[in-house]
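Architecture and fold: a report
The chain contents come next:
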Amino acid sequence: MSRFKYSYNAIVYYQEEIAKGVDRVARFGYDAIELVGEPATHDVNEINKLTSDAGIEVSSICSIWFGEERDLVNPSAANRQKAVDYGKSVADFAAGVGAPTIIVGPSPVGKTAPLAGKDEEWGWAVENVRAIGEYAASVGVNITLEPWNRYETYFLNRLDQAVELLEATDLKNAGVHGDMFHMNIEEDSIPGAFLRAGTALNHVHVADTNRAAPGVGHLDFRPTLHALAELDYSGYLAFELLPASNDPFSMLANGGSQEFLDEYTEKAINHMKAVEKELWPDA
């Protein structure tokens, strides 16, 4: 029996019908699938039937469509409001498919320099993350703040920064999110950062050093699983794997990196369960 709950982010399946992704993660023994928001592109009733028939849950919604026109810390009030409205729509989507958690990024991937002063941006982040979080609470959903590496954002890069923002919001239905790919770049220690975040940690993305399946890079997952066990972490470990390209989605759409479908979906969970078995052979 696994010590942790495993999910697979459908971000790498984006070019397929969602039914194929649900079937794939169920076939390889996952507990859940992480869906990608743009809510308007999904049929909630279809997803609920697919996951129910497959015997899996929806672990979370990966809100990747915070972007140039949806930026919680943009100087434009209209832009910030679009981002808040988007976050609320993702919360509604999560509630509709029974997902407990949505991921929130205060500033979008690819925006690597501020457009306003530090204090002003921080104030907007607190205000707007709080607005999304309070709405999410009203529909029974939690949020999680995800730091990304310095090459993708300037705003939140480490878990301690995310904890600081979380505490400033005073939200009770929120936590922070550790992505091992980004953490491998930014943190002095992945397990150490998790332990310092403590009970604030409510979501985890798993990937090897090259953002491929665990076992394909050179990350030792044993200390990290020890740390999560020490925290009695009860959230999902969701694999977010992407090809090594500045445009991974075009690569996939053109038929490249097919190992990220069946092969890596299977390899990822098998590797982590093998590490669990090594650490806790009597479990």
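Residues numbered from 1 in each chain as written. Predicted model: local features only at pLDDT ≥ 70, side-chain atom pairs only at ≥ 80, totals over all residues. Heavy atoms only, no water.

Counting its secondary structure elements, the protein contains 10 helices and 8 strands. Relative to its length of 283 residues, the protein is compact, with a C-alpha radius of gyration of 18 Å against a globular reference of 19 Å. Along the three orthogonal principal directions, the C-alpha set of the protein runs to about 50 × 40 × 35 Å. By the burial criterion, 55% of the 283 residues in the protein qualify as buried. Surface exposure of the protein reaches about 12,200 Å², of which carbon and sulfur atoms provide 48%. Taken as two groups, the 22 positive and 43 negative side-chain charges of the protein have centres that lie 1 Å from each other. (Helix = DSSP H or I, 4+ residues; strand = E, 2+ residues; numbered from the N terminus. Rg over C-alpha atoms; globule rule 2.2 N^0.38 Å. Buried < 20%, exposed > 50% of the residue type's maximum accessible area, 1.4 Å probe, protein only. Areas by Shrake-Rupley, 256 points an atom, 1.4 Å probe, with all protein chains shown as cover. Lys, Arg positive; Asp, Glu negative; His and termini not counted. Charge placed at Lys NZ, Arg CZ, Asp CG, Glu CD.)

With that out of the way, let us pick up the packing of helix α8 (residues 222-230) against helix α10 (residues 262-279). Packing of α8 against α10 leaves a shortest axis separation of 10 Å and a crossing angle of 70°. By the angle class used here, α8 and α10 are roughly perpendicular. Contacts between α8 and α10 involve Arg-222, Leu-225 and His-226 from the former and Met-272, Val-275, Glu-276, Glu-278 and Leu-279 from the latter. For the contact of α8 with α10, the per-class residue count stands at 4 nonpolar, 1 polar and 3 charged. (Axes fitted to C-alpha atoms, helices over the stretch in contact; angles between N-to-C directions. Parallel < 35°, antiparallel > 145°, perpendicular 65-115°, else oblique. Contact = heavy atoms within 4.5 Å. Nonpolar A, V, L, I, M, F, W, Y, C, P; charged D, E, K, R; others polar.)

This paragraph deals with the pattern of salt bridges. With the rule as written, the count across this model stands at 15 salt bridges. Linking Glu-240 and Arg-211 is a salt bridge whose minimum nitrogen-to-oxygen distance equals 2.9 Å. With a gap of 29 residues between them, Glu-240 in the loop between β8 (236-239) and α9 (248-253) and Arg-211 in the loop between β7 (201-206) and α8 connect regions that are remote in the sequence. As far as burial versus exposure is concerned, Glu-240 and Arg-211 are alike and both buried. Among the charged side chains, a salt-bridge network with shared partners connects Glu-16, Asp-23, Arg-24, Arg-27 and Asp-262. (Salt bridge = Lys/Arg side-chain N within 4 Å of Asp/Glu carboxyl O.)

For helix α7 (residues 190-197), the tally of buried residues reaches 6 of 8 residues, placing the bulk of the element in the interior. If you check which residues of α7 are buried, you get Ile-190, Pro-191, Gly-192, Ala-193, Phe-194 and Ala-197. Measuring from the backbone nitrogen of Gly-192 back to the side-chain oxygen at the start of α7 gives 2.9 Å, which picks out Ser-189 as the cap. Directly beyond the C-terminal end of α7, a positive phi value near 60° is found at Gly-198. (Polar contact = N/O pair within 3.5 Å; in protein donor to acceptor, adjacent residues only side chain to side chain.)

Grouped together as the largest cluster of nonpolar side chains are 86 residues, with contacts concentrated most on Ile-61 and Ile-102. The element best represented in this core is helix α3 (residues 77-97), accounting for 8 residues. Not counting residues within four places of it along the chain, the set of residues in contact with Ile-61 comprises Glu-34, Leu-35, Val-36, Gly-37, Val-90, Phe-93, Ala-94, Val-97, Ala-99, Thr-101, Ile-102 and Ile-103. (Core = buried A, V, L, I, M, F, W, Y, C linked by side-chain atoms within 4.5 Å.)

Here the focus is the layout of surface pockets. Each pocket or cavity is described by its volume, and for the largest pocket that value is around 1,000 Å³. What lines the largest pocket is a set of 43 residues, and nearest its centre among them are Ile-11, Ile-64, Trp-65, Leu-242 and Phe-249. Elements with a minimum of two residues in the lining of the largest pocket: α1 (18-27), α2 (44-54), β4 (101-104), α6 (180-186) and α9. Looking at the lining of the largest pocket residue by residue, the class counts come to 22 nonpolar, 10 polar and 11 charged. For the second largest pocket, the calculated volume is near 280 Å³. Lining the second largest pocket, in full, are Pro-114, Ala-116, Gly-117, Lys-118, Asp-119, Glu-121, Trp-122, Tyr-154, Phe-155, Leu-156, Gln-161 and Glu-164. Those elements that place two or more of their residues in the lining of the second largest pocket are α4 (118-138) and α5 (159-169). Element by element, the count of residues in the lining of the second largest pocket is highest for α4, at 4 residues. Each residue belonging to the lining of the second largest pocket can be placed in one class, and the counts come to 6 nonpolar, 2 polar and 4 charged. (1 Å grid on protein atoms, 1.4 Å probe; cavity = no way out; pocket = protein on both sides within 12 Å on 5 of 7 lines; lining within 4 Å. Points joined across faces, edges and corners; volume = space filled by probe spheres on them.)

The next point concerns the pairing of strand β3 (residues 57-62). Of all 6 residues that make up β3, 5 are buried, and the element is covered over most of its length. Summarising the sheet, strand β2 (residues 32-36) and β3 pair through 5 bridges and their orientation is parallel. Residue Val-36 lies in a different strand from β3, and its bridge partner there is Cys-62. Read from β3 through α3 to β4, the crossover connection turns out right-handed. (Pairing = 2+ DSSP bridges. Right-handed = clockwise from strand over helix to strand, strands pointing away.)

The next subject is the sheet that holds β8. Sheets are built from strands paired through backbone hydrogen bonds, the pairs being either parallel or antiparallel. Taken in spatial order, the 8 strands of this closed barrel run β1-β2-β3-β4-β5-β6-β7-β8, and their pairing is parallel. Taken over all neighbouring pairs, the strand axes of this sheet differ in orientation by 30° on average, direction set aside. Two strands pair when backbone bridges link them, and strand β1 (residues 5-9) and β8 are joined in this way by 4 bridges, in the parallel orientation. In the sheet register, Tyr-6 faces β8, and the bridge partner there is Leu-237. Packing of α5 onto the sheet brings it into contact with β5 (142-145) and β6 (174-179), and relative to β6 it is tilted by some 165°.

No statement about biological role is implied by the geometric values presented.
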